[in-house]
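# Residue-level structural notes
Chain by chain, the residues:
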Amino acid sequence: MKEEEKETMRKIFKGLKERIEPLTKSPKIQALQKRVIDIRKDAIDNNAELIAIAQESFKENDIDCFIAHDDEEARQILLDLINEEIIASNLNEDEVYIAKSKSNTLREIDASQFLEKKGMKIIETDLGDRILQLKKVDNAPVHPTGPASHLNVHDITKIVNESMNLDLPEVPREIMEAVRADVLSLLDKSVIGISGSNSIAAEDGAFLTVHNEGNISLVQNKKLHIVVAGIDKLVPSLEDSVSVAKLETAFAIGKPLSSYINIVAGPSKTADIEKKLLKNMYGAEKVAVILLDNGRSEAIKECLWCIGCGNCVVNCPVYNVMGNEFGYHSYLGGRGVAMSKYLKDNETSVDSGLYMCTLCGMCTENCPVLTPTYEIIEDLRNSTQKEGLSKDQHKKIRDNIKDNGSPY
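Before going into details, it helps to say that this report is about the structure given with it. Because the structure is a prediction, the values reported are computed rather than measured.

How each quantity is defined
Residues numbered from 1 in each chain as written. Predicted model: local features only at pLDDT ≥ 70, side-chain atom pairs only at ≥ 80, totals over all residues. Heavy atoms only, no water. Pairing = 2+ DSSP bridges. Helix = DSSP H or I, 4+ residues; strand = E, 2+ residues; numbered from the N terminus. Axes fitted to C-alpha atoms, helices over the stretch in contact; angles between N-to-C directions. Contact = heavy atoms within 4.5 Å. Parallel < 35°, antiparallel > 145°, perpendicular 65-115°, else oblique. Left-handed = near helix turned anticlockwise from the far one by under 90°. Nonpolar A, V, L, I, M, F, W, Y, C, P; charged D, E, K, R; others polar. Phe/Tyr/Trp six-rings, centres within 6.5 Å; stacked < 30°, edge-to-face > 60°. Buried < 20%, exposed > 50% of the residue type's maximum accessible area, 1.4 Å probe, protein only. Lys NZ or Arg CZ within 6 Å of the ring centre and 35° of its normal. Core = buried A, V, L, I, M, F, W, Y, C linked by side-chain atoms within 4.5 Å. Patch = residues over 30% accessible without salt bridge, like charges linked within 9 Å, V, L, I, M, F, W, Y side chains within 5 Å. Areas by Shrake-Rupley, 256 points an atom, 1.4 Å probe, with all protein chains shown as cover. Salt bridge = Lys/Arg side-chain N within 4 Å of Asp/Glu carboxyl O. Lys, Arg positive; Asp, Glu negative; His and termini not counted. Charge placed at Lys NZ, Arg CZ, Asp CG, Glu CD.

## A closer look at the sheet that holds strand β3 (residues 121-124)
In spatial order, the strands read β1-β12-β7-β4-β2-β3; together these six strands make up an open sheet with parallel pairing. Taken across any chain shown, the strands that pair with only one partner, and hence form the sheet edges, are β1 (64-68) and β3. Sheet twist, expressed as the mean angle between neighbouring strand axes with direction ignored, is 25 degrees. Relative to the sheet, helix α9 (residues 172-187) contacts β2 (97-100), β3 and β4 (190-195), its axis offset from that of β3 by approximately 135 degrees.

Dropping the structure here:
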């Protein structure tokens, strides 16, 4: 990240904090927070059981459910489902458009890059993600719900004008309308949508998404809708999922509710003619869910409590200095560093910024589910040192103490 991008990010984060803090201190949100902490802890403690329940519930709801043990298997399942639809819809393989919504899990498995290498065209429907897609280079996100929070209106205008051959002024509404028109024209060419999920209700066989733009509704209404979500997203009931979504929204954007909460529990259907069930009305004809493990079943439970609001990075002093260099892939800040051990290995956690963390605890203090990220990082440092993965500077200090009785 450029220094001016970090400055823009810090300015936006400051505004976020001013909105989030008063709401999260309200009695209503604090009561919700206590409930969600219990929900998440219980869900992770009983994750294997919830997976089994979800598989049966999805089957009952006519949703195809797959378990992917790692990112490679998830990509292959995703590709197989898309190829089946290409054949079923008689699509030209050179003209396959995939409507995509914002998803850290899809980023985790590099879904867009993988599908683009297969010749498919990915349409990012979230405005922030679309701006980053048009940026092409140095376009990693900086916040889970505000991926382009490091770009100011001047930067965004330049990106949109250059990529779309326009001459727009630096006016946010005109930029939004131009990107929206372009995305909608491309969506007309798509019969396949892929998304993530904020929370999955195992007992109900339903997945829930929250959004403000209305774009996820467009993605979910494609002929084939594929959801990719980590197994850690499972909670017992739909009521639990709604509670998680409401708390995530409060800590992500400082609002009690997002504009939309979508709940999908099966393909489109109607029974308005003599109460006879007919499928394929307006929405998806087929819905498939890919539940991704990718190291989660081996992770310590505290790593999986996260509900994805991003408030930890907003308040992290290291992230505010280093930007998305501190973190792993789509998982930003200290929590991303902690997860990288399980998504990859100890060496990756070191490269992701394991020794950047100051262990100040601001992440936990501002986490809606009180994830002890700094404690996890401290434990990770111990394990990486045992593997000989300490930084060279640290090894030099260690040797000086050993040989000279002083770090110097």
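## Description of the sheet that holds strand β8 (residues 234-235)
With mixed pairing, four strands are arranged side by side in an open sheet as β8-β5-β6-β9. The open sheet has two edge strands with one neighbour each: β8 and β9 (260-264). Bridge analysis of strand β5 (residues 199-201) against β8 gives two bridges, and the strand direction is parallel. Bridge pairing in β8 places Ala-201 opposite Val-235. Packing of helix α11 (residues 238-253) onto the sheet brings it into contact with β5, β6 (206-211), β8 and β9, and relative to β6 it is tilted by some 20 degrees.

## Details of the packing of helix α2 (residues 27-45) against α11
Viewed as axis vectors pointing N to C, α2 and α11 meet at an angle of 125 degrees, and their least axial separation amounts to 9 Å. Classed by the angle they form, the pair α2 and α11 counts as oblique. Note on packing geometry: the crossing formed by α2 with α11 is left-handed. Contacts from Ile-29, Leu-32, Gln-33, Arg-35, Val-36, Ile-39 and Arg-40 in α2 reach Glu-239, Asp-240, Ser-243, Val-244, Lys-246, Leu-247, Ala-250 and Phe-251 in α11. Grouping the constituent residues of the contact of α2 with α11 by class yields eight nonpolar, two polar and five charged.

## With respect to the packing of aromatic side chains
Going through the model one piece at a time under the given rule, you end up with one aromatic pair. Seen from their ring centres, Phe-13 and Tyr-319 are 6.3 Å apart, and the 20 degrees between their planes marks the pair as stacked. In this pair, Phe-13 is assigned in helix α1 (residues 3-24) and Tyr-319 in helix α13 (residues 317-322), connecting sequence segments 306 residues apart. The exposure class assigned to Phe-13 is buried, which follows from its relative accessible area of 0%. Positioned above the aromatic ring of Phe-114 is the side chain of Arg-75, whose terminal nitrogen or guanidinium carbon lies 5.9 Å from the ring centre. One Lys or Arg, Lys-121, reaches over the ring of Tyr-97 and ends 5.6 Å from the middle of that ring.

## Examining the nonpolar core
Counting residues in each nonpolar core, the largest one holds 65 residues, and the members touching the most others are Phe-207 and Tyr-319. Examining the composition of this core, we find that seven residues originate from one element, α2, more than from any other. Excluding anything up to four places from it in sequence, Tyr-319 contacts Met-9, Phe-13, Pro-141, Val-142, His-143, Val-313, Asn-324, Phe-326, Leu-332 and Gly-333. Core analysis: the next-biggest nonpolar cluster, separate from the first, contains 25 residues, Leu-81, Ile-82, Val-96 and Ile-192 among them.

## Here's the deal with a negative patch on the surface
Together, Asp-38, Asp-42, Glu-49, Glu-203, Asp-204 and Glu-239 make up a region of like negative charge exposed at the surface. Looking at the secondary structure, you find Glu-49 in helix α3 (residues 47-60). Residue class for Glu-49 comes out partly exposed when judged on its relative accessible area of 48%.

## Notes on the packing of helix α8 (residues 153-164) against α9
Packing of α8 against α9 brings their axes to within 11 Å, and their N-to-C directions diverge by 35 degrees. Classified by chirality, the crossing of α9 by α8 is left-handed. Between α8 and α9, the contacting residues are Val-153, Ile-156, Thr-157, Val-160 and Met-164 on the first element and Pro-172, Ile-175, Ala-178, Val-179 and Asp-182 on the second. Looking at the contact of α8 with α9 residue by residue, the class counts come to eight nonpolar, one polar and one charged.

## A closer look at the pattern of salt bridges
Throughout the structure, instances matching the rule amount to 21 salt bridges. Glu-7 is the partner of Arg-10 in a salt bridge, and the nearest nitrogen-oxygen pair spans 3.3 Å. Taken together, the residues span about one helical turn, with Arg-10 and Glu-7 both in helix α1 at a distance of three residues. With a relative accessible area of 47%, Glu-7 lands in the partly exposed category. The salt bridge partner of Asp-45 is Lys-301, with a shortest N-O separation of 3.3 Å. On the criterion of sequence distance, the pair formed by Asp-45 in helix α2 and Lys-301 in the loop between β12 (286-292) and α12 (311-315) is long-range, its members being 256 residues apart. Each of Glu-3, Glu-7 and Arg-10 takes part in one network of salt bridges that share partners.

## Observations regarding the environment of Phe-326
Secondary-structure assignment places Phe-326 in the loop between α13 and β13 (327-328). As for Phe-326 and Ala-245, which are separated by 81 residues in sequence, their C-alpha atoms are 26 Å apart. Setting aside residues no more than four positions away along its own chain, Phe-326 makes contact with Cys-316, Val-318, Tyr-319, Leu-332, Gly-333, Gly-334, Val-337, Ser-352, Gly-353, Met-356 and Cys-357.

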